[in-house]
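Structural description and commentary
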Amino acid sequence: QPSTPSAIRGRLLIFLAPPAGAGDSASYRYIADGLVTIRDGRIAAVGEARDLLGALPADTRVDHHPDGLIVPGFIDPHIHFPQTQVIASYGAQLLEWLQKYTFVEEQRFADPHHAAEQARFFFDELLRNGTTTATAFCSVHPASVDAFFAESERRGMAMIAGKVMMDRNAPPALTDTAETGYEDTKALLAKWHRRGRQRYAITPRFAITSTEAQLEATAALAREFPDNHIQTHLSENLAEIETVRSLFPSARGYLDVYDRYGLLGPRTLLGHSIHLTDGERRRMAETGSVAVFCPTSNLFLGSGLFNLDGLIRQTPAGRIALATDVGGGTSFSMLRTAGEAYKVLQLNGRSFSALEAFHQMTAGNAAALGLADEVGTLAPGRYADLVVLDARATPAMANRMQRIDGDLEEELFLLMTLGDDRAVRATYVQGRLAHARDGVAGAA
Ligand code: GUN
Ligand code: ZN
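Bear in mind the structure is a predicted one, so any value in this text is a computation, not a measurement.

All right, on to the site of ligand 1 then. The local shell around ligand 1 consists of His-80, Leu-94, Leu-98, Thr-102, Arg-205, Phe-206, His-233, Glu-236, Ser-297, Asp-325 and Gly-328. Here the shell around ligand 1 is built from residues that sort into 3 nonpolar, 5 polar and 3 charged.

Looking now at the domain arrangement of the chain. Considered domain by domain, the chain is made up of domain 1 (7-73 + 377-436) and domain 2 (74-332). Between the C-alpha centres of domain 1 and domain 2 the distance comes to 31 Å. In this assembly, 14 residues from domain 1 lie in contact with 14 residues from domain 2. Every element with two or more residues in the side of domain 1 that touches domain 2 is listed here: strand E15 (424-429) and strand E16 (432-436).

Core analysis: the largest hydrophobic core is formed by 134 residues, its most contacted members being Val-36, Ala-161 and Phe-293. Here this core gets 9 residues from one element, more than from any other, and that element is helix H13 (residues 354-368). Summarising the domain contributions, this core has at least three residues from each of domain 1 (7-73 + 377-436) and domain 2 (74-332). If near-sequence neighbours (up to four positions away) are discounted, Ala-161 is found in contact with Phe-81, Thr-135, Ala-136, Cys-138, Val-145, Phe-148, Phe-149 and Ala-201.

Bringing unusual backbone geometry into the picture now. Cis geometry is found at the peptide bond from Val-326 to Gly-327, where omega equals 0°. The phi dihedral of Asn-169 falls on the positive side, at around 55°, and the residue is not glycine. Among the secondary structure elements, Asn-169 is positioned in the loop between strand E8 (164-165) and helix H5 (178-192). Residue Asn-169 is classed as partly exposed on the basis of its C-beta count, with 19 C-beta atoms lying within 10 Å. The backbone of Asp-325 shows a phi angle near 55°, a positive value even though the residue is not glycine.

Looking now at helix H6 (residues 212-224). Spanning 13 residues, H6 covers 18 Å between terminal C-alpha atoms, matching the ideal 18 Å at 1.5 Å per step. For H6, the full list of buried residues reads Gln-214, Leu-215, Ala-217, Thr-218, Leu-221 and Ala-222. Projected down its long axis, H6 shows its buried positions confined to an angular sector of 155°, all on one face. Seen from the buried face of H6, the exposed residues on the opposite side, beyond 90 degrees, are Arg-223 and Glu-224. As for H6, its buried residues are in contact with E8, H5, strand E9 (198-204) and strand E10 (229-234).

To continue, consider the pairing of strand E3 (residues 42-48). The sheet contact formed by strand E2 (residues 28-39) and E3 spans 6 bridges and is antiparallel. When the bridges of E3 are listed, Val-36 appears paired with Val-46. Adjacent in sequence and paired antiparallel, E2 and E3 are bridged by 2 residues, among which Asp-40 carries a positive phi angle near 50°.

Turning our attention to the packing of helix H12 (residues 334-347) against helix H15 (residues 408-418). Look at H12 against H15: their axes get within 6 Å of each other, and the N-to-C directions meet at 95°. When the axis of H12 is compared with that of H15, the two are roughly perpendicular. Between H12 and H15, the contacting residues are Leu-335, Ala-338, Gly-339 and Tyr-342 on the first element and Leu-415, Met-416 and Thr-417 on the second. Looking at the contact of H12 with H15, its residues break down into 5 nonpolar, 2 polar and no charged.

In this section: the environment of Arg-223. Position of Arg-223 relative to the elements: it lies in helix H6. On a C-alpha basis, the gap between Arg-223 and Gly-262 in space is 8.2 Å, while along the polypeptide they are 39 residues apart.

Every buried residue of helix H9 (residues 278-287) is listed here: Glu-280, Arg-281, Arg-283 and Met-284. Taken down its axis, H9 places every buried residue within 160° of arc, on the same side. Residues of H9 that are exposed and point more than 90 degrees away from the buried face comprise Asp-278, Gly-279 and Glu-286. Following H9 by one or two positions, Gly-288 adopts a phi angle in the positive range, close to 75°.

What counts and what doesn't
Residues numbered from 1 in each chain as written. Chains lettered and ligands numbered in written order. Predicted model: local features only at pLDDT ≥ 70, side-chain atom pairs only at ≥ 80, totals over all residues. Near = placed C-beta within 6 Å. Nonpolar A, V, L, I, M, F, W, Y, C, P; charged D, E, K, R; others polar. Domains from an automatic or database assignment. Contact = placed C-beta atoms within 7 Å. Helix = DSSP H or I, 4+ residues; strand = E, 2+ residues; numbered from the N terminus. Core = buried A, V, L, I, M, F, W, Y, C linked by C-beta atoms within 7 Å. Buried ≥ 20, exposed ≤ 12 C-beta atoms within 10 Å, placed from the backbone. Expected span 1.5 Å × (residues − 1). Arc of directions from axis to C-beta. Pairing = 2+ DSSP bridges. Axes fitted to C-alpha atoms, helices over the stretch in contact; angles between N-to-C directions. Parallel < 35°, antiparallel > 145°, perpendicular 65-115°, else oblique.

Structure (structure tokens):
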């Protein structure tokens, strides 16, 4: 049998618009027995199985997941490729955690063999969790970027990534210079940006690890390559913010450090964005910069509670993203991430409906990355990057499902509250089966 079916059958959740909140049934269409047909790696048609099956050529493969809920592959807009062996490092907040664990681990990515081996693990793990697109920080070493994109390209996945630029406040083995950071970035960008589905992100790690000279060089890259994303970190931790203040005494605040160098804009992804002033939120909205919420990391590192309402009040829809931040984050699963987002927002006095969460992990994150025409929605023309979910994956989930009588929103909420990689039955990339939990795709 070919590894690529011509169609995938199951229950379909199709978002039509960003949900206003729980119960917004106009924001989506649900098809209890639906079919997604695939041509050349893209979605050809979406609809009722009974309407579409007849038009398929005879004896082509159809992967049937009778109870499976088919949604677009999850998108993780902030993750650290060289931190898969940092995850679950004990007892520190951000700055100590970086020095004690992360900067030690990232040095190992100077070795291309280590980088290649970790890349295989990284992409296997993403797919096991239903994640088909991510925006990733690589290490300072150009070889880590080559290892990352080579593996992504081999799997036909859409990835955005870049070499971190960092020229101070880190071990010598982990620093570049303003010049080499610039030159290496330029060379990697020329090699990988828009090669197939790969995109290069200009990646100054954060204000603390870049000198003014490096930020100047980053500004030059941003001007030369306006098509590229820029990713960094912003206002994650109070001690971090104090350090930025002392390193940049003439800046008006943390965001202003990036702003002065022209680094804000609709392709700029600002990881964490927790402790912001009203003025900073306004400036992010004006520039269209994206605030990336990383709840498992924010709780694990004790960083703080993301203020979604504060941002939504000033930020146009789509300028917010939700991400794992592995290895500060504690799970590769976007389901776990959505479940923790719910808890963080509870502590901030608001809810996070399952519809909002599922929209955010798919179409919302796609819009935040400017990829809405390619991924994140079950619609003709989009890539057939799909995940099949199983809300009865564990005994506790199956037991709870007995009390959820066909209510889709409750099922989604169960998936984000108790679900993880076990709830991912299958993952498809460009219509090709890339992960099957039980070893097979589902009866033809
Ligand atoms: N700020 C600068 N680098 C990092 C990192 O690797 N992880 C997190 N969570 N924050 C950072
Ligand atoms: Zn991060």
